[in-house]
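# Per-entry structural report
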Amino acid sequence: MNLTLKIWRQANADSKGKTETYKISEVSPDMSFLEMMDMLNEELIEKGIDPVAFDHDCREGICGMCSMFINGEAHGPDRLVTTCQLHMRKFNDGDTITIEPFRAKAFPVIKDLTVDRSSFDRIQQAGGFVSVNTSGNTQDANAIPIEKSNADKAFDAAACIGCGACVATCKNASAMLFVSAKVSQYALLPQGKVEATDRVTNMVNQMDEEGFGNCTNTGACEVECPKGISLENIARMNREYLYASLKG
Amino acid sequence: MALDSKIPRGPIADKWKNHKSSINLVSPANKRLIDVIVVGTGLAGASASATLAELGYNVKTFCFQDSPRRAHSIAAQGGINAAKNYQGDGDSTYRLFYDTIKGGDYRSREANVHRLAEVSTNIIDQCVAQGVPFARDYGGLLDNRSFGGVLVSRTFYAKGQTGQQLLLGAYSAMNRQIGRGKIKMYNRHEMMELVVVDGKARGIIARNLVSGKLERHSAHAVVVASGGYGNVFFLSTNAMGSNVSAAWKIHKKGAHFANPCFTQIHPTCIPVSGDHQSKLTLMSESLRNDGRIWVPKKLEDVKAIREGKLKPTALSEDDRDYYLERRYPAFGNLVPRDVASRAAKERCDEGFGVNKTGEAVYLDFAAAIDRYGKEQAHIKGLDENNAAIVKKLGQEVIRAKYGNLFQMYEKIVDQNPYETPMMIYPAVHYTMGGVWVDYNLMTTIPGCYAIGEANFSDHGANRLGASALMQGLADGYFVLPYTIGDYLSDDIRTGTIDTNLPEFEKAEASVKAQMKAFVNNKGTHTVDYYHRKLGKIMWDKCGMSRNTKGLEEAISDIKILRQDFYKNVKVPGTTSEFNTELAKASRVADFLELGELFAKDALERNESCGGHFREESQTPEGEAMRDDENFTFVSAWGYNGEPSKAKLQKEQLDYEEIEVKTRSYK
């Protein structure tokens, strides 16, 4: 395959970026998108051009580190995959592909396609946990049976990989899907119930402080989420938040 | 200096309990005066950081990724073992201990493994208390499955994302402490050097990967939890950033490196598709619970399949060779990983590989789909003889169990594994070898610890499935936070370590010089060029089967490649910016040294055991043959200027509890 790539280049957080165009040929349809990027970078280095910086690590769709906005979609045209699991067979010979970073006020660009998502970490630090110390004396794991349907829903919410596709996709750059996934996981489990009120209040406050936008229920986040996190979680978080506000 | 493993005296079942009761403690008030550095945030590093902070120590934690949640433990799929015996199938602490020693082919330390089995049950309790959503049955209790090399169901799981859920649990425990200010987290930071003051580990030089700035960080102890070194093979199931550097730096500062040649080649990975490949993807071992592994019996069928003229589903049962079931009737498809990998290689070497490269075997779910489908049809009162209904119901069961794995396979290979068998082939996955540690998990440098995959201690020559997560969390939650107190109790009056000490200055200067040398080299080849070349040497000569000639060649080939690397590597950009090529260059430089020691260790160990198969040491049937008389020891290598000049020290392994036998899964 021969492709034309239009890639966002930005030297660092303080400089102005712009789109550069590169041609690439002999791309195999079996390559992953990132392997195509590796190939481009090898060629750029040979030519003495600074390679394109992009985040990636596990390359099996689970670490959540890769983060490209490809042809106007977070993680590109395929569904339920991250960029590292997107394969070139989803494109056609001769295509022009536009590659941008995940854009949001709360995700400042570090370099090229690499952004700073530490705002996500800070939201988790505000309350995304159960306060239990390690002791070796917690009660037996089977002491509290958990209804299978709740356990399964908690798992589905916990499958979030924290990549930020929801934020990048949302026209308001809202982090509601991400935050609600963690709030839901704990709200559905008895272990998380004790601190539910503080958790949702603190996490939502931190989310607002980081500069994420509001949710206007367009549902685009759910469509682009590589792990299929459901909008139901946002509804559940809203209920939890309302309850916490009333309780004071 | 002789190696002292510091194994406590007394009966095996009491060693840990007695040791914990008798070691020195640091009072809560004094813990506030003590700093601990943790490098890495996988299961071991994250759980250790959280627990140390809960206890009251000031923790500084480092990871090279953009968040601690990205560490590669996240990719572990299948599950975590614990001797809970919830299934009532005869499991016990002793049995888990026994299985792990046997699975490791009698090359691990009894006392450590017994402790691991003891604390395994605590891990499950702790994780459930944290809100980790393990799989449950309809009664609301925890579900289990079976893994290779054992005869009980002791594996706890969360679909095919167990590592993710356990890591996020440990990450959440860390987050709580970061929020409280007890952990200071350094994302996008890489450890470049260990700082040793008066013979003790007292800090590190870290590089801020965004700004390129070198930073000095001091502490009273340094814990390395930086994972394994599988990426020395270039292609492995490790993450792209996984590296040996932290472990290698401490090795060069005096920590012995143990059993580097013990590497796990995992039998069920997606085969290599071409030269562009950057990494390999694992398909969880749990699939072997329901998948049957086979190749065609006849070479003409193999040929037809490769040419696309014959579909594997069209082959009759009689024309298939379920070679694991044939060779190992007792364990069948659930033999340990080393055995399954070698058996796949043997068939492919004989020409029975089923893809274009000749390096793939089938993993077939048709029988399981049929079995589950009939079961579901019966439960639902539907026609058990209606093939379409049975297939649909069976596929639903398989989807519920392994849905994410099947989806991943389909995305990568572009074939539907519900309809046609998966193709799999062994790939480098885990390294049992690592930094030598004593019973307290301390390396041969006082105050420097190694935990999780970075150390060598628990898995011997072969790790059983679902045991890596167990070991990482055991070390981090339940072992290191207590044993480290014994050492730190001497440091309560030391006070903060000054980062202006000459040792820090010297260490920083040497890192700075190395970074400068890379960017000023202006060579001709990229870092990946060298990494690929190293990987090829390793796979061809130190892979699934090894011999004297190949290993000797590997040693000299790697040496030559390393010299060429320093002369001709091309690293673009500068040292004072976000420079991913520079970060890669310093990691590959360390792999180029480790690779040589790896080959030397493999050459020295002239026996076959676990994942280490020496062609010179096999039975007439081609099974691995151990040499207990000459090799019942841990090879601990001391750095001596160059990898090939490393000095070997042996830690003899004494088996007091378990009778050493020939491992048989027949």
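Only a predicted model underlies this, so the values are computations on that prediction, with no experimental measurement involved. (Residues numbered from 1 in each chain as written. Chains lettered and ligands numbered in written order. Predicted model: local features only at pLDDT ≥ 70, side-chain atom pairs only at ≥ 80, totals over all residues.)

### What to know about the overall build of chain A
A tally of helices and strands in chain A yields nine helices and seven strands. Principal-axis analysis of the C-alpha atoms places the extent of chain A at approximately 60 × 35 × 35 Å. Here chain A holds 248 residues, and 52% of them are scored as buried. Of the contacts made within chain A by residues no fewer than 6 positions apart, 71% connect residues no fewer than 24 positions apart. (Helix = DSSP H or I, 4+ residues; strand = E, 2+ residues; numbered from the N terminus. Buried ≥ 20, exposed ≤ 12 C-beta atoms within 10 Å, placed from the backbone. Contact = placed C-beta atoms within 7 Å.)

### Comments concerning the sheet that holds strand β2 (residues 58-62) of chain B
Residue and element names in this part refer to chain B. An order of β5-β2-β1-β9-β17 is seen for the five strands of this open sheet, with the pairing classed as parallel. One side of each edge strand has no neighbouring strand; the edge strands of this open sheet are β5 (183-186) and β17 (448-450). Neighbour-to-neighbour, the strand axes of this sheet turn through a mean angle of 20 degrees, independent of strand direction. When β2 meets β5, the two strands line up parallel, connected through four bridges. Its bridge partner being in β5, Val-59 is matched across the sheet by Ile-183. This element, helix α13 (residues 468-488), spans β9 (221-224) and β17 of the sheet and lies at about 150 degrees to β9. (Pairing = 2+ DSSP bridges. Axes fitted to C-alpha atoms, helices over the stretch in contact; angles between N-to-C directions.)

### Examining the domain arrangement of chain B
All names here are of chain B. One can read the domain layout of chain B as domain 1 (268-428) and domain 2 (501-630). Just the C-alpha atoms count here: the centres of domain 1 and domain 2 sit 34 Å apart. Contacts between the two partners involve six residues from domain 1 and, on the opposite side, five residues from domain 2. The element contributing the most residues to the side of domain 1 that touches domain 2 is helix α10 (residues 337-349), with five residues. (Domains from an automatic or database assignment.)

### Quick notes on the packing of helix α14 (residues 502-520) of chain B against helix α17 (residues 580-604) of chain B
All names here are of chain B. Remark: α14 packs on α17, axes separated minimally by 10 Å, with the N-to-C direction vectors making an angle of 115 degrees. In this view, α14 runs roughly perpendicular relative to α17, as classed from their interaxial angle. Regarding α14 and α17, the two cross each other, and that crossing is right-handed. Of the residues in α17, those in contact with Gln-514, Met-515, Phe-518 and Val-519 of α14 are Leu-582, Ala-585 and Ser-586. Its residues placed into classes, the contact of α14 with α17 shows five nonpolar, two polar and no charged. (Parallel < 35°, antiparallel > 145°, perpendicular 65-115°, else oblique. Left-handed = near helix turned anticlockwise from the far one by under 90°. Nonpolar A, V, L, I, M, F, W, Y, C, P; charged D, E, K, R; others polar.)

### Section: the domain arrangement of chain A
Residue and element names in this part refer to chain A. According to the domain assignment, chain A contains domain 1 (3-111) and domain 2 (118-247). Just the C-alpha atoms count here: the centres of domain 1 and domain 2 sit 29 Å apart. Domain 1 puts 18 residues into the contact, and the matching count from domain 2 is 16 residues.

### Side note on helix α1 (residues 33-46) of chain A
With 14 residues, α1(A) should cover 20 Å at 1.5 Å per step; its first-to-last C-alpha distance of 20 Å lies within 8% of that length. Along α1(A), the residues classified as buried are Phe33(A), Leu34(A), Glu35(A), Met36(A), Met37(A), Asp38(A), Leu40(A), Asn41(A) and Ile45(A). On the buried face of α1(A), the contacting elements are β1 (3-9) and β2 (18-24) of chain A together with α17 of chain B. (Expected span 1.5 Å × (residues − 1).)

### Considering the confidence of the model for chain B
Averaged over all residues, the pLDDT of chain B equals 96, while 100% of them reach at least 70. Quick note on the complex model: pTM equals 0.97, ipTM equals 0.98. (pLDDT = per-residue confidence, 0-100.)

### Details of the sheet that holds strand β11 (residues 263-269) of chain B
Residue and element names in this part refer to chain B. Reading across the sheet, the five strands line up as β11-β15-β14-β12-β13 and stay open at both edges, with antiparallel pairing between neighbours. Both edges of this open sheet fall to β11 and β13 (320-321), since each of them pairs with a single strand only. With two bridges joining them, strand β12 (residues 292-296) and β13 adopt antiparallel strand pairing. Looking at β13, one finds that Val-295 is bridged to Asp-321.

### Here we look at the packing of helix α2 (residues 118-127) of chain A against helix α6 (residues 162-179) of chain B
Axis separation between α2(A) and α6(B) bottoms out at 7 Å; the angle between their running directions is 85 degrees. Considering their axes alone, α2(A) and α6(B) lie roughly perpendicular with respect to each other. Packed against α2(A), whose contacting residues are Gln124(A), Gln125(A) and Ala126(A), the element α6(B) presents Ser172(B), Asn175(B), Ile178(B) and Gly179(B) at the interface. Here the residues of the contact of α2(A) with α6(B) sort into two nonpolar, five polar and no charged.

### Remarks on the interface of chain B and chain A
At the junction of the two partners, chain B supplies 65 residues and chain A supplies 66 residues. Only α3 (43-55), α5 (110-130), α6, α12 (387-413), α13 and α17 of chain B provide two or more residues apiece to the side of chain B that touches chain A. Looking at the side of chain B that touches chain A, the element that brings in the most residues is α6(B), giving nine residues. Taken together, the residues of the side of chain B that touches chain A break down into 22 nonpolar, 27 polar and 16 charged.

### Some remarks on helix α7 (residues 196-209) of chain A
Residues and elements named next belong to chain A. Given a rise of 1.5 Å per residue, 14 residues ought to cover 20 Å, and the 20 Å separating the end C-alpha atoms of α7 matches this to within 8%. Those residues of α7 that sit buried are Arg-199, Val-200, Met-203, Val-204, Gln-206 and Met-207. Along the axis of α7, the buried positions cluster into a sector of 160 degrees, meaning they face one direction only. Against the buried residues of α7 lie α2, α5 (176-187) and α9 (232-247). Phi turns positive, to about 95 degrees, at Gly-211, one or two residues after α7. (Arc of directions from axis to C-beta.)

### Side note on the environment of Phe478(B)
Within the secondary structure, Phe478(B) is located in helix α13. Spatially, the C-alpha atoms of Phe478(B) and Gln652(B) are 26 Å apart, while their sequence positions differ by 174 residues. Ignoring anything within four residues of it in the chain, the contact list for Phe478(B) reads Gly136(A), Val119(B) and Asn122(B).

### Points about the pairing of β9(B)
Note on strand geometry: in a regular strand, side chains alternate between the two faces of the sheet. All names here are of chain B. Where burial is concerned, the two faces of β9 agree: the one with Ala-221 and Val-223 and the one with Val-222 and Val-224 are both buried. Pairing analysis gives four bridges linking strand β1 (residues 35-39) to β9, with the strands arranged parallel. Bridged to Val-36 within β9 is Ala-221. Relative to β17, β9 is paired through three bridges, and the arrangement is parallel. The residue bridging Val-223 from the neighbouring strand is Tyr-449, located in β17.

### Here we look at the environment of Gly64(A)
Structurally, Gly64(A) is set in the loop between α1 and β3 (68-70). Look at Gly64(A) and you get buried, because 27 C-beta atoms sit within 10 Å. The sequence separation of Gly64(A) and Pro226(A) amounts to 162 residues, and the corresponding C-alpha distance is 9.3 Å. Setting aside chain neighbours within four positions, we find Gly64(A) in contact with Ile161(A), Gly162(A), Cys163(A) and Arg70(B).

### Focus: the nonpolar core
With 283 residues, the main nonpolar core has Val167(A), Val223(B), Val224(B), Val435(B) and Tyr449(B) as its most contacted residues. Residue contributions to this core peak at 12 residues, all from α13(B). Once residues lying within four places of it in the same chain are set aside, the contact partners of Val435(B) are Val224(B), Ala247(B), Ile250(B), His251(B), Ala255(B), Phe257(B), Thr443(B), Ala450(B), Ala454(B), Asn455(B) and Phe456(B). (Core = buried A, V, L, I, M, F, W, Y, C linked by C-beta atoms within 7 Å.)

### Quick notes on unusual backbone geometry
Phi is positive for Arg59(A), close to 55 degrees, though the residue is something other than glycine. As for its position among the elements, Arg59(A) is in the loop between α1 and β3. Note on Arg59(A): 25 C-beta atoms within 10 Å, which makes it buried. The phi dihedral of Asn259(B) is positive, around 45 degrees, even though this residue is not glycine. Mapping Asn259(B) onto the fold places it in the loop between β10 (257-258) and β11.

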